[in-house]
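A closer look at the structure
For reference, the chains in residue letters:
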Amino acid sequence: MRNIDWNNVEEAKEFKKVTPGGYVCGITAVEDVNTPNKNGKCDYLRIELDIAEGEYKNYFLELYKSKGFWGLEMVKSYQENSLPFFKGFLTAVENSNKGYKFNNDEKTLLRKYIGVVLREEEYRSKDGKIKTKLVVDQVHSIDKIRSGDFTVPELKKLDVKDSPTTPTFDMSGFEDIPTPDDIDLPFGF
């Protein structure tokens, strides 16, 4: 093992998980993405959010500091067929930020407030296990969130018949590797 100065290492903090529900959030990052796809081009904004009020304020900033990834984002397409949904997002942002009017410059969305409803959905992880994650299900004005005028959807279950099965591995050649029962380990392992 390499030599580590443990006096300069802070212990991991236990994070209380954010639960599904309505939250007043702030927009912390916006990226305009234009990528080619089979139909020509896909135009969307990738938007990172953090909780701006209450028990979980700055939760995703702390998660980023601890784990190195941002845990809450949403994608808002501005393809022709998605414009009504994008307009709903813009209306929620404008209604949540007095005097703000979107001018087709995504950078002006930074540090703006928006209300979101988070729901859980299942997914299959790389190790084949079914896990859950939080996703943005709805956007609203912050007034609707503060007043409780929203519905939190049920857990979205993974349709396992359509999901790839757990990967299988060829274990030949591993028969001679000792198991913990075969090794005399110290300290009761």
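Scroll up to find the structure.
Residues numbered from 1 in each chain as written. Predicted model: local features only at pLDDT ≥ 70, side-chain atom pairs only at ≥ 80, totals over all residues. Heavy atoms only, no water.

1. Quick look at the pairing of strand E5 (residues 130-140)
As defined by bridge partners, strand E4 (residues 113-124) adjoins E5 across ten bridges and the pair is classed as antiparallel. Bridge pairing in E5 links Val-116 to Val-139. Count of turn residues in the E4/E5 antiparallel hairpin: five residues, of which Gly-128 carries a positive phi of about 90°. (Pairing = 2+ DSSP bridges. Helix = DSSP H or I, 4+ residues; strand = E, 2+ residues; numbered from the N terminus.)

2. Regarding the environment of Lys-87
With respect to the helices, strands and loops of the structure, Lys-87 is situated in helix H2 (residues 83-96). A residue is classified by how much of its surface remains accessible, and Lys-87, at 48% relative accessible area, is partly exposed. The sequence separation of Lys-87 and Lys-76 amounts to eleven residues, and the corresponding C-alpha distance is 9.9 Å. (Buried < 20%, exposed > 50% of the residue type's maximum accessible area, 1.4 Å probe, protein only.)

3. Considering the pattern of salt bridges
Throughout the structure, instances matching the rule amount to twelve salt bridges. One salt bridge connects Glu-48 with Arg-46, and the closest N-O pair in it is separated by 3.2 Å. A salt bridge links Lys-157 to Glu-122; the shortest N-O distance between them is 3.4 Å. A residue pair is termed long-range when its members are at least 10 positions apart, and Lys-157 in the segment after helix H3 (142-147) and Glu-122 in strand E4 qualify at 35 residues. A cluster of three or more residues bridged by salt bridges with shared partners is formed by Glu-31, Arg-46, Glu-48 and Glu-73. (Salt bridge = Lys/Arg side-chain N within 4 Å of Asp/Glu carboxyl O.)

4. Overview of the environment of Arg-124
Among the structural elements, Arg-124 can be located in strand E4. Classification of Arg-124 as partly exposed rests on a relative accessible area of 23%. Taking the C-alpha atoms as reference points, Arg-124 and Val-160, separated by 36 residues in sequence, lie 9.0 Å from one another. Polar contacts involving the side chain of Arg-124 include one to the main-chain carbonyl oxygen of Gly-128, which spans 2.8 Å. (Polar contact = N/O pair within 3.5 Å; in protein donor to acceptor, adjacent residues only side chain to side chain.)

5. Observations regarding the nonpolar core
By size, the foremost hydrophobic cluster in this structure holds 28 residues, and its most contacted members are Leu-49, Phe-89, Ile-114 and Val-116. Mapped onto this core, the elements with two or more residues apiece are strand E1 (21-37), strand E2 (40-51), helix H1 (59-67), H2, E4 and E5. In terms of residues, this core owes the most to one element, H2, which gives five residues. Excluding residues within four positions of it along the chain, Phe-89 makes contact with Ile-27, Ile-47, Met-74, Lys-76, Leu-109, Ile-114 and Val-139. With five residues, the next largest nonpolar core counts Val-24, Ala-52, Val-117 and Ile-142 among its residues. (Core = buried A, V, L, I, M, F, W, Y, C linked by side-chain atoms within 4.5 Å. Contact = heavy atoms within 4.5 Å.)

6. Observations concerning the side chain of Glu-48
Note on placement: Glu-48 falls in strand E2. Judged by its relative accessible area of 15%, Glu-48 is buried. Here Glu-48 is in contact with Gly-26, Ile-27, Thr-28, Ala-29, Trp-70, Leu-72 and Glu-73, once residues within four sequence places are set aside.

7. Things to note about H1
Looking only at H1, the buried set comprises Tyr-59, Phe-60 and Leu-63. Around the axis of H1, the buried residues are gathered within 85° of arc, so they sit on the same side. One or two steps after H1, the chain reaches Gly-68, where phi turns positive at roughly 85°. (Arc of directions from axis to C-beta.)

8. Here's the deal with H2
In this model, H2 (14 residues) spans 20 Å end to end at C-alpha, consistent with the 20 Å of a helix rising 1.5 Å per residue. Buried within H2 we find Phe-86, Phe-89, Leu-90, Ala-92, Val-93, Glu-94 and Ser-96. (Expected span 1.5 Å × (residues − 1).)

9. Let's talk about the packing of aromatic side chains
Counted according to the given criterion, the structure contains seven aromatic pairs. Taking 5.9 Å as the distance between ring centres and 65° as the angle between the ring planes, the aromatic pair formed by Tyr-78 and Phe-86 counts as edge-to-face. On the numbers, 6.5 Å between centres and 65° between planes, the contact of Phe-86 with Phe-102 is edge-to-face. Linking Phe-86 in helix H2 with Phe-102 in the loop between H2 and E4, this pair joins segments that are 16 residues apart in sequence. You can call Phe-102 buried: its relative accessible area is 15%. An aromatic cluster of at least three residues, connected via ring pairs, comprises Tyr-23, Tyr-56, Tyr-59 and Phe-60. Above the face of the Tyr-123 ring, Lys-133 is positioned so that its terminal group lies 5.5 Å from the ring centre. (Phe/Tyr/Trp six-rings, centres within 6.5 Å; stacked < 30°, edge-to-face > 60°. Lys NZ or Arg CZ within 6 Å of the ring centre and 35° of its normal.)

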